[in-house]
Number of protein chains: 2
Amino acid sequence: MSEIKKKFTDYIRDLQDEICGAIEKIDGKTRFREDNWNRDGGGGGRTRVIENGRVFEKGGVNISTVYGELPDPIKKHFDVEYGWFWAGGLSLVIHPESPMIPTVHANFRFFELYEDEEMTRSVDAWFGGGADLTPYYLWEEDAEHFHRVFKEVCDLHGDDFYPKFKKQCDEYFHNAHRGEGRGIGGLFFDYLRADDTRSSEDWYRFTTDAGKAFLKSYLPIVEKRIAEPYNPAQKYWQEIRRGRYVEFNLIHDRGTLFGLKTNGRIESILMSLPPQVRWDYDFNPGEGSREAELIEVLKNPREWV
Amino acid sequence: MSEIKKKFTDYIRDLQDEICGAIEKIDGKTRFREDNWNRDGGGGGRTRVIENGRVFEKGGVNISTVYGELPDPIKKHFDVEYGWFWAGGLSLVIHPESPMIPTVHANFRFFELYEDEEMTRSVDAWFGGGADLTPYYLWEEDAEHFHRVFKEVCDLHGDDFYPKFKKQCDEYFHNAHRGEGRGIGGLFFDYLRADDTRSSEDWYRFTTDAGKAFLKSYLPIVEKRIAEPYNPAQKYWQEIRRGRYVEFNLIHDRGTLFGLKTNGRIESILMSLPPQVRWDYDFNPGEGSREAELIEVLKNPREWV
């Protein structure tokens, strides 16, 4: 196995341990359960899910490294007739119990394509990933904190990274059929390939730095809002908004649809769906309410830092 | 407007009134609310939704007649560069409160394509529709009743109709990513066009007869199960299964995706989504349980009549 794949495999395993440990510590009640699985055709993963915690109603922090012949839908997507691949990554979604704490999603991945089954003749390779925040109630300082942490990571690697990946995030996590963002954004990057100015090693450093910043971006927000009181109507609103989260993941998210079409492990893919969800007909928050204020920001993405 | 469009428009309006009246009568507590809406570009609809009833937790019975220039995604789908259309139909989904009463869906529609904006030069026209049942607990006699009613309608119009449209229903309402049917099927038909053996008038009669049979297919099942007791674990199971319903509608259903891509009225399209839904990680009913018995039938569609 190439050096970069080895390093990245170790990296995602360590990052999963670190993130799960920190989440369990804050939760204080419930621990992750672990499922190790193998993929027909090559590779496998380690799915970790926490449910019915004190702070976290449902969350998954998954890693997988899979390889083999390209599934047909991917051959079609890349317009190739044959080919082999290796894909490794960490993917997480955390749905807190309290509507005052935002849901968060992050993903860090490496993908390589080969001419041969032995994976010795690489024809393409790239990094991708990002992190985005989905609040149910808006605290501007929380959105600013989340963006600031990732801006700092970006700025270490390239001046244009933050504005570019922030914009891509707003564009990607967009419920087009509702005309609103899934949340208040963050970073989204993909197809980060070696070129004249940057090596694979450079992209490795950027992607892994972003992953390492995840806990710093999210945990202070959890801690800040953990004692915030809320009432049943606010919980109800969270469940309505979780419906929008489901709509995005099932209608628009390339990662989810890709997984479903390539016979991925269904339960690991759909662990991203929230635990309890509502769809009311034509639910509209009152004018001038905090709920309406959130919608306003989702319809008009802001510059947070 | 052509004779067949006029007749079909009257038909769906009357059928909506009849179905809503019967549903309200059984519910006994709550009435449908009505939203009349207009479509930019031509036409509109009458959406009727019932929520938080005694028997029905959420349901919609909608009609619409829309027309105008073909939206771009449909032009692409039909591989034409210009064209106008007229589409009219009734669509309903009923989600009962009790997990002992099945969810039901039905749809009856007419679609016509034209060379000209004035809709005088028709180039194609067809009927489509069907009805299917989604139980949370299986009573074989209920599945048999539902299928028998629609088989009787089919048999009046063509010997091969029931086997063909029953099979198409099993194939269409299939959660491929789970390897299971959405429910226990019913009828699904589409592109019923005039040809050497049958006129548009024949297909009109078949489609409208199927629509007229809807209440007879569903109400006796509601009445039979309305007093069936259930416990919180069974309600929980219903909410888990409703998650599969959402997965089908958002990932696979052509009607839903078509509506979302052609700027349909979002709230009328997504009224089909169940009111309260759960996604637990890797939820598996106990072996030999009634819940497992349902899954078994969903994985292996049966002949019911």
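Just so it is clear, the model here is predicted, and its values are computed rather than measured.

Thresholds, definitions, all that
Residues numbered from 1 in each chain as written. Chains lettered and ligands numbered in written order. Predicted model: local features only at pLDDT ≥ 70, side-chain atom pairs only at ≥ 80, totals over all residues. Helix = DSSP H or I, 4+ residues; strand = E, 2+ residues; numbered from the N terminus. Buried ≥ 20, exposed ≤ 12 C-beta atoms within 10 Å, placed from the backbone. Contact = placed C-beta atoms within 7 Å. Pairing = 2+ DSSP bridges. Axes fitted to C-alpha atoms, helices over the stretch in contact; angles between N-to-C directions. Least-squares fit on C-alpha atoms with pLDDT ≥ 70 in both. Core = buried A, V, L, I, M, F, W, Y, C linked by C-beta atoms within 7 Å. Nonpolar A, V, L, I, M, F, W, Y, C, P; charged D, E, K, R; others polar.

Asker: Provide a residue-level description of the overall build of chain A, including the pertinent values.
Answerer: Within chain A, the secondary structure is distributed over ten helices and ten strands. Expressed along its principal axes, the backbone C-alpha trace of chain A runs to roughly 60 × 40 × 35 Å. Across the 305 residues in chain A, those meeting the buried criterion constitute 42%. Taking the intrachain contacts of chain A between residues at least 6 apart in sequence as the baseline, contacts between residues at least 24 apart amount to 68%.

Asker: A description of the sheet that holds strand β1 (residues 33-38) of chain B should follow, citing residues and the corresponding values.
Answerer: All names here are of chain B. Strands sit in the order β1-β2-β3-β4-β5-β6-β9 across an open sheet of seven strands; the sheet is antiparallel. The sheet terminates laterally at β1 and β9 (185-192), the two strands that pair on one side only. Put simply, the sheet's adjacent strands are angled 5° from each other on average, direction ignored. Two elements, strand β4 (residues 84-96) and strand β5 (residues 103-114), share eleven bridges in a ladder whose sense is antiparallel.

Asker: Any details on the sheet that holds strand β2 (residues 43-51) of chain A? Residues and values, ideally.
Answerer: Within a beta sheet, neighbouring strands are joined by backbone hydrogen bonds and run either parallel or antiparallel to one another. Residue and element names in this part refer to chain A. The sheet built from seven strands is open, its strands ordered β1-β2-β3-β4-β5-β6-β9 with antiparallel pairing. Strands at the two margins of the open sheet, each flanked by one partner only, are β1 (33-38) and β9 (185-192). Averaged over neighbouring strand pairs, the angle between their axes works out to 5° when direction is ignored. Note: strand β6 (residues 122-134) against β9, six bridges, orientation antiparallel. Pairing of Ala131 across the sheet is with Leu187, part of β9. Docked against the sheet, helix α1 (residues 3-27) engages β2, β3 (56-69), β4 (84-96) and β5 (103-114), running at close to 10° with respect to β4. Here helix α3 (residues 140-157) sits on the sheet in contact with β6 and β9, set at roughly 30° to β9.

Asker: Talk me through the relation of the copies chain A and chain B; I want residue IDs and the actual numbers.
Answerer: When chain A is fitted to chain B, the best match, at an RMSD of 0.0 Å, comes from turning it 180° and sliding it 0.0 Å along the axis. Viewed as a symmetry operation, the transformation between the two copies matches a two-fold axis. Within chain A, the C-alpha atom positioned nearest to the axis of rotation is that of A:Val277, 2.5 Å from it. A high fraction, 100%, of the interface residues of chain A reappear at the interface in chain B, so the copies pair face to face through one surface.

Asker: Outline the nonpolar core, listing residues and values.
Answerer: If you look at the biggest cluster of nonpolar residues, it comprises 130 residues, and the most contacted ones within it are A:Phe165, A:Leu187, B:Phe165 and B:Leu187. Discounting chain neighbours no more than four positions away, the residues touching A:Phe165 are A:Gly130, A:Cys154, A:Leu187, A:Phe188 and A:Phe189.

Asker: Would you mind going over the interface of chain A and chain B in detail, with residue names and values included?
Answerer: Chain A puts 23 residues into the contact, and the matching count from chain B is 23 residues. With four residues, helix α7 (residues 232-252) of chain A is the single largest residue contributor to the side of chain A that touches chain B. Of the residues that constitute the side of chain A that touches chain B, the class distribution is 14 nonpolar, two polar and seven charged. Across three bridges, the pairing between strand β10 (residues 276-278) of chain A and strand β10 (residues 276-278) of chain B is antiparallel. Note that in β10(B) the partner of A:Val277 across the bridge is B:Val277.

So yeah, pure geometry; function would need other evidence.
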